[in-house]
Amino acid sequence: MSLLLKVENLDFKYQDTDVLKGINLEVNAGDFVGILGPNGCGKTTLLNNINQWLKPHRGSIYLKNINIRKLKPKILAKHIATVPQDTSIEMSFTVEQVVLMGRNPYLVNFEAEKERDFAIAEESMKYMDIWHLKEKPVRELSGGEKQRVLIARALAQEPELLLLDEPTSHLDINYQWELLGFLKKLCLNRGITIIAVMHDINLASMFCDKIILLKDHKIFKMGPLIDVINEKNIKEVFNMDVHVCFQEYTGRPVIVFLGRKENINIPRPFNTLHVICGGGEGEKLLHYLKKRGYEVSVGVLNKGDTDWLTAKMLGFDVIEEVPFSPISDEKIEENTKYVKKSEAVLLADVPFGYGNLKNLVCLKNILHQKKIFVMEERAIESRDYTNGMASQIYRDIRDRAVVLHSFDELKSFL
Ligand SMILES: Nc1ncnc2c1ncn2[C@@H]1O[C@H](COP(=O)(O)OP(=O)(O)OP(=O)(O)O)[C@@H](O)[C@H]1O
């Protein structure tokens, strides 16, 4: 990996206001780097210092060890291309004309060179899948198509470094994925280095290798994705409580937003809770318990169940059974250990058909040793009574439990 870009002690001010302070960073050739940070922290300003649209007040920027201040704009444009945030192109240029503008740094009067310019513009349009639109006026294109035209124009510059300012901001989720996939291919297949300002942390996690996280006009943290995207950093930079889990196949972090822990400081009556739920009945509750900072175990749940998914996403311990299978003795034994370990148990509107029989038996066996809460937002009569035994055990548990009839009531206890 060779070093492509180095920023050293960069400061930038608008009038007397500091917008970038003491920025130091290094980017290797072929990296896909995401710049993240709250509104107004200086992301766009950083990009525009790197491409020299703005002049730093202090510090230096090196491209392959050459101070870019020494490079003439036309030379710099052969190395760095920018796709700005504003994609509006007012005039009635066709797609091909706009993409050809990317060849401006190379313009000479030789016919042979002109052919080369057209060939490169054609290749860029084909790469970005807009060749079929080449005769169309750009102003008639959709936001996604326009964005691809601007990237094709940047590619026609044949840059080593491509800077993009919020490239997905006007795109629907399908186009966002497609566009970031294109960019990723540029890194992998052509070795182009990409630095993109992004707002969607999960999208950045899916595609970027490295992250620069800005806060208060400084670099808060920078490095490989996995070192930067974590609960602590997101909380400190965005004041947002999140849970970070990891994609099974890629190992990339995925963020679940939990909102703000407004009530985290209210003392909790317990620290550990075991939840018996299923079929989505526990979803709201599990999110609430996470927010309140409880240590939660959940089970037994079949893999694929909605509550199983929620519990996994929130990072709880889940005692899980294979999909669509009755609970095995082995799993119920494991579950019993968790029930015994926890300070209280919560039943969340569970149906008491055959599927939950073993969970209920497990709880009944330690009924006198635990504080038990039963959530009954749905009337008991509306539940599944197909298993008379489960229904009877449920009633026995209920007789000893604190029965809660609404979520607000639950909140007053937990
Ligand atoms: N031309 C300007 N003149 C004066 N101040 C400016 C100018 N452009 C931006 N600023 C200020 O500089 C700060 C950083 O702006 P910048 O656009 O770099 O932030 P950003 O992190 O990209 O924000 P956003 O996420 O909202 O796009 C902001 O406080 C902004 O108001």
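None of the values given here were measured: they were computed from a predicted structure. (Residues numbered from 1 in each chain as written. Predicted model: local features only at pLDDT ≥ 70, side-chain atom pairs only at ≥ 80, totals over all residues.)

Caption draft 1: Quick look at the overall build of the protein chain. Helices and strands together make up the secondary structure of the protein chain, namely 15 helices and 18 strands. Expected size for 414 residues packed as a compact globule is a radius of gyration near 22 Å; at 28 Å, the protein chain overshoots this value by more than 25%. When its C-alpha atoms are laid out on the principal axes, the protein chain stretches across 90 × 50 × 40 Å. Residue pairs in contact within the protein chain that sit at least 24 positions apart in sequence constitute 67% of those at least 6 positions apart. (Helix = DSSP H or I, 4+ residues; strand = E, 2+ residues; numbered from the N terminus. Rg over C-alpha atoms; globule rule 2.2 N^0.38 Å. Contact = placed C-beta atoms within 7 Å.)

Caption draft 2: Structural context of the site of the ligand. Lining the immediate surroundings of the ligand are Tyr-14, Val-19, Gly-37, Asn-39, Gly-40, Cys-41, Gly-42, Lys-43, Thr-44 and Thr-45. The element contributing the most residues to the shell around the ligand is helix α1 (residues 43-50), with 3 residues. Of the residues belonging to the shell around the ligand, the class tally is 3 nonpolar, 6 polar and 1 charged. (Near = placed C-beta within 6 Å. Nonpolar A, V, L, I, M, F, W, Y, C, P; charged D, E, K, R; others polar.)

Caption draft 3: How the structure looks around helix α10 (residues 283-292). Buried residues of α10: Leu-285, Leu-286, Leu-289 and Lys-290, and no others. Along the axis of α10, the buried positions cluster into a sector of 140°, meaning they face one direction only. Positive backbone phi, at 85°, marks Gly-293, one or two positions downstream of α10. (Buried ≥ 20, exposed ≤ 12 C-beta atoms within 10 Å, placed from the backbone. Arc of directions from axis to C-beta.)

Caption draft 4: Expanded view of the confidence of the model for the protein chain. In this model, the protein chain carries an average pLDDT of 89, and 93% of its residues clear a pLDDT of 70 or more. Considering each helix and strand of the protein chain separately, the mean pLDDT is smallest for helix α13 (residues 357-364), with a value of 82, and largest for strand β3 (residues 32-36), with 98. Predicted complex, confidence summary: ipTM 0.98, pTM 0.75. (pLDDT = per-residue confidence, 0-100.)

Caption draft 5: How the structure looks around unusual backbone geometry. Look at the link from Gly-299 to Val-300: it is a cis peptide, with omega at 0°. Among the secondary structure elements, Val-300 is positioned in strand β14 (residues 295-302). Phi angles above zero are rare outside glycine, and Asp-129 is one such case at about 60°. On the secondary structure map, Asp-129 appears in the loop between α4 (111-127) and α5 (143-156). In this structure, His-217 is a non-glycine residue whose phi angle is positive, near 70°. Inspection of the secondary structure puts His-217 in the loop between β9 (210-215) and β10 (218-224). Looking at His-217, the number of C-beta atoms within 10 Å reads 21, which means it is buried.

Caption draft 6: Expanded view of the nonpolar core. Ile-35, Val-99, Ala-152, Leu-162, Ile-194 and Ile-211 are the most contacted members of the largest nonpolar core, which has 69 residues in total. For Val-99, the residues in contact, after removing those within four places along its chain, are Ala-121, Ser-124, Met-125, Val-149, Ala-152, Arg-153 and Ala-156. Listed in part, the 41 residues of the second largest apolar core include Val-298, Cys-362, Ile-393 and Ala-401. (Core = buried A, V, L, I, M, F, W, Y, C linked by C-beta atoms within 7 Å.)

Caption draft 7: A look at the sheet that holds strand β13 (residues 272-276). What the 6 strands build is an open sheet, ordered β15-β14-β13-β16-β17-β18; its pairing is parallel. Of all the strands in the sheet, the pair left with one neighbour each is β15 (317-321) and β18 (402-404). The average undirected angle you get between the axes of adjacent strands in this sheet is 20°. Two strands pair when backbone bridges link them, and strand β17 (residues 371-375) and β18 are joined in this way by 3 bridges, in the parallel orientation. What sits directly across from Phe-373, in β18, is Val-402. (Pairing = 2+ DSSP bridges. Axes fitted to C-alpha atoms, helices over the stretch in contact; angles between N-to-C directions.)

Caption draft 8: Summary view of the environment of Leu-301. As for its position among the elements, Leu-301 is in strand β14. Each residue touching Leu-301, except ones within four places of it in the same chain, is listed here: Gly-278, Asp-307, Trp-308, Ala-311, Val-318 and Glu-320.

Caption draft 9: Structural view of the packing of α13 against helix α14 (residues 388-400). The interhelical angle for the contact between α13 and α14, taken along N-to-C directions, is 35°, at an axis separation of 9 Å. Between α13 and α14 the crossing geometry is left-handed. Contact residues: α13 offers Leu-357, Leu-360, Val-361, Leu-363 and Lys-364, while α14 offers Met-389, Ala-390, Ile-393, Tyr-394, Asp-396 and Ile-397. Of the residues belonging to the contact of α13 with α14, the class tally is 9 nonpolar, no polar and 2 charged. (Left-handed = near helix turned anticlockwise from the far one by under 90°.)

Caption draft 10: Expanded view of the sheet that holds strand β5 (residues 66-67). Read across the open sheet, the 4 strands follow the order β2-β1-β4-β5; overall the sheet is antiparallel. This sheet does not close on itself; its edge strands, each paired only once, are β2 (17-28) and β5. As defined by bridge partners, strand β4 (residues 58-63) adjoins β5 across 2 bridges and the pair is classed as antiparallel. Opposite Tyr-62, over in β5, you have Asn-67 as the bridge partner. Against the sheet, α1 makes contact with β1 (3-14), β2 and β4, and its axis sits at roughly 60° relative to β2, the strand it touches most.

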